[in-house]
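Results of the structural survey
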Amino acid sequence: MYKKKMNIRELETISLRTLSVFVHVCRTLNLSLAADQLELPKSTVSKEVSRLESHLKAKLLDRTTRRVALTEVGAIAYDRALHLIEDFKTMQNDVLVMDQQVQGLLRISAPPALGEFLSKRVLPTFLKRWPKITVSLNLTYDFEDLFSQGIDLAFRVGDIHDERLISRKLGSSTRILVASPEYLTTQGKPQQPSDLISHNCLRFQFNPGDTEWALTSKQSTMTLPVNGNFFCANISALKNAAVNGLGIAQLPINNIMEELGKGSLVNILPDWHVPPMDIHAVYRQGLNKPKKLAALLDFLKEEKNLFNWSI
């Protein structure tokens, strides 16, 4: 069935002030008394009632110098106006309660690798503390527009260039060189960075082509070309490939703590690692933070050690 679209310009409006004055007059049936109670001039009260009558194109009150009475149409208008005002007050109260309580939907964005860590180490504890909050976690490598996409908070790795955003540094993401014991047994363990050129290096990249790895130590920084038979723009996939003996990978410490602990991955060239990149929590500048967002920011501040990953 065809449904005609609503044209907002065709809608006539009347203010809640006018409705409130009308309701008060209906309750008192006395313009002077209503004006006194509302602390308005009697002429203003009379004009508001006339404005509503003109808007509805109907006589709502029989007014004489001695009495005020509701017309039949006025009684209907009074009942509807009363409900509208009460509904608005209820809406105000609901919004106020929602804003004062730590509850509601919290939209979060993060890179997939960091999102995996958040879902394992951060969000479960946070949601146990605030069970009335619901989290929507969107995993993407794109720097989403928090304003147009309604994101409450985004976790970002690297420099922040959007001046509209407030950023809070949480820690640093450090990638180390790892391989499985199986791979090192069959292919040998690199003794220095230049040895990586002859190894099967699993690369984090979107498109085929030459890859350079930048590595740093306490003494120096260097860049060297690497190659291999597997590349992927997904940290979990690279980790699985490394665990299963395919080659050497650069992986974030926070994503391989369990594998390092079990020994399924070994940190090779421990004096060298990828230059760290800062991790930030960013949210919209000028936003009057709802309680749910403030609660998450406070939690991240309290649990800042979660993002301190030592080499």
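Each remark here, short or long, concerns the structure printed above.
Residues numbered from 1 in each chain as written. Predicted model: local features only at pLDDT ≥ 70, side-chain atom pairs only at ≥ 80, totals over all residues. Heavy atoms only, no water.

**Some points on the overall build of the chain**
Check the secondary structure of the chain and you find ten helices and 13 strands. In summary, the chain has a C-alpha radius of gyration of 32 Å against a globular reference of 19 Å for 311 residues, an excess of more than 25%. With respect to the principal axes defined by its C-alpha atoms, the chain has extents near 105 × 45 × 30 Å. Across the 311 residues of the chain, 40% fall into the buried class. By sequence separation, contacts in the chain at least 24 residues apart represent 73% of the contacts at least 6 residues apart. (Helix = DSSP H or I, 4+ residues; strand = E, 2+ residues; numbered from the N terminus. Rg over C-alpha atoms; globule rule 2.2 N^0.38 Å. Buried < 20%, exposed > 50% of the residue type's maximum accessible area, 1.4 Å probe, protein only. Contact = heavy atoms within 4.5 Å.)

**Brief notes about the packing of aromatic side chains**
Enumeration according to the criterion identifies three aromatic pairs in this entry. Residues Phe117 and Phe307 carry aromatic rings whose centres are separated by 5.8 Å and whose planes lie at 65 degrees to one another, so their mutual orientation is edge-to-face. Of the two residues, Phe117 is situated in helix H5 (residues 112–129) and Phe307 in the segment after helix H10 (291–302); the sequence distance between them amounts to 190 residues. Assessed through its relative accessible area of 2%, Phe117 is described here as buried. Here the basic side chain of Arg175 rests over the ring of Phe204, its NZ or CZ set 4.8 Å away from the ring centre. (Phe/Tyr/Trp six-rings, centres within 6.5 Å; stacked < 30°, edge-to-face > 60°. Lys NZ or Arg CZ within 6 Å of the ring centre and 35° of its normal.)

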